[in-house]
Amino acid sequence: SPLSEDERLNFKGLNYFPVAPELVLSANFEPAADTSTFAMPTFNRETLSYSHYGTLSVRINGETQRLKAFRREQKANAPDFLLVPFRDPTNSNETYAGGRYLELSLPITASPVLDFNRSKNPLCAYDPSYACPIPPPENRLPLPIRAGEKRFR
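In short, a report on the structure. In this text, all values refer to a predicted model and were calculated from it rather than measured experimentally.

With respect to the overall build of the chain
Then, in step 1: Secondary structure assignment for the chain yields 1 helix and 8 strands.
Then, in step 2: Counting from the amino terminus, helix and strand elements in the chain follow one another as α-β-β-β-β-β-β-β-β.
Then, in step 3: Its C-alpha atoms give the chain a radius of gyration of 16 Å, near enough to 15 Å, the size a compact globule of 153 residues would have.
Then, in step 4: The C-alpha extent of the chain, read off along each of the three principal axes, is 45 × 35 × 25 Å.
Then, in step 5: Per-residue burial for the chain yields a buried fraction of 42% across its 153 residues.

Below is the structure:
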């Protein structure tokens, strides 16, 4: 568990925003031209091997937003999914300061659904020793996403 023994004893559950049906969005998926592996920086100053899998475009409040999706270098018996790390203006006050994650199952379709109600904190929100990818600058949304998991502490 990423929680300390004391935190586990006092754990009363996670906090979430009310479900926001307007933040369940059909996206357009554009595969990445360059899918070579790179060292993605993490909050604990380590790096993890990821590749840029593609870009997702969604319309939020009438404006198109683009988010890069990444695929972690596979290890035996590890789950295979796409990571969509993002930041938005709720970070620090309402949600984890470092941003949140969406995960998408593979294979991905041409029009995947991005459900921001499933946004979750990275494990480093609970324990800073975890290696959690830092959302890249291009995955910073200019509008608040009040859906999904809220700040833990």
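As for the environment of D80
Then, in step 1: You can see D80 is positioned in the loop between β5 (63–72) and β6 (81–86).
Then, in step 2: Each C-alpha atom of the pair D80 and L104 lies 9.3 Å from the other, and the pair is 24 residues apart in sequence.
Then, in step 3: Ignoring anything within four residues of it in the chain, the contact list for D80 reads R71, Q74 and L106.
Then, in step 4: A distance of 2.3 Å separates polar atoms of two side chains, one belonging to D80 and the other to R71.

A short note on the side chain of N91
Then, in step 1: Its location among the elements puts N91 in the loop between β6 and β7 (100–105).
Then, in step 2: Taking the relative accessible area as the measure of exposure, N91 reaches 7% and is therefore buried.
Then, in step 3: At 2.9 Å, the side chain of N91 and the side chain of T95 are in polar contact.
Then, in step 4: Once residues lying within four places of it in the same chain are set aside, the contact partners of N91 are Y96, A97 and G99.

A look at the nonpolar core
Then, in step 1: The biggest cluster of nonpolar side chains holds 22 residues, and the ones touching the most others in it are L56, I60, L114, F116 and I145.
Then, in step 2: For this core, the elements supplying multiple residues, two or more each, are β4 (47–60), β5, β6 and β7.
Then, in step 3: In this structure, F116 is in contact with L23, L25, I60, L67, F86, L102, L141, I145, A147 and G148, ignoring residues within four places of it in sequence.
Then, in step 4: In terms of nonpolar packing, the next biggest core, distinct from the first, is built from 13 residues, L3, C124, Y126 and C132 among them.

Observations regarding the pattern of salt bridges
Then, in step 1: Applying the stated criterion to the full structure yields 6 salt bridges.
Then, in step 2: The closest approach of N and O atoms between R100 and D88, which form a salt bridge, is 3.4 Å. Of the two residues, R100 is situated in strand β7 and D88 in the loop between β6 and β7; the sequence distance between them amounts to 12 residues.
Then, in step 3: The exposure class of R100 is buried, given its relative accessible area of 0%.

Concerning the packing of aromatic side chains
Then, in step 1: In the structure shown here, the tally under the stated rule is 5 aromatic pairs.
Then, in step 2: With a centroid separation of 6.0 Å and 65 degrees between ring planes, the pair formed by F38 and F70 is classed as edge-to-face. Residue F38 is located in strand β3 (residues 37–41), and its partner F70 is located in strand β5; the two are separated by 32 residues in the primary sequence.

A short note on the environment of S105
Then, in step 1: For S105, the location among the structural elements is in strand β7.
Then, in step 2: Assessed through its relative accessible area of 61%, S105 is described here as exposed.
Then, in step 3: It is 12 Å that separates the C-alpha atoms of S105 and D115, two residues lying 10 residues apart in sequence.

The rules behind the values
- Residues numbered from 1 in each chain as written.
- Predicted model: local features only at pLDDT ≥ 70, side-chain atom pairs only at ≥ 80, totals over all residues.
- Heavy atoms only, no water.
- Helix = DSSP H or I, 4+ residues; strand = E, 2+ residues; numbered from the N terminus.
- Rg over C-alpha atoms; globule rule 2.2 N^0.38 Å.
- Buried < 20%, exposed > 50% of the residue type's maximum accessible area, 1.4 Å probe, protein only.
- Contact = heavy atoms within 4.5 Å.
- Polar contact = N/O pair within 3.5 Å; in protein donor to acceptor, adjacent residues only side chain to side chain.
- Core = buried A, V, L, I, M, F, W, Y, C linked by side-chain atoms within 4.5 Å.
- Salt bridge = Lys/Arg side-chain N within 4 Å of Asp/Glu carboxyl O.
- Phe/Tyr/Trp six-rings, centres within 6.5 Å; stacked < 30°, edge-to-face > 60°.

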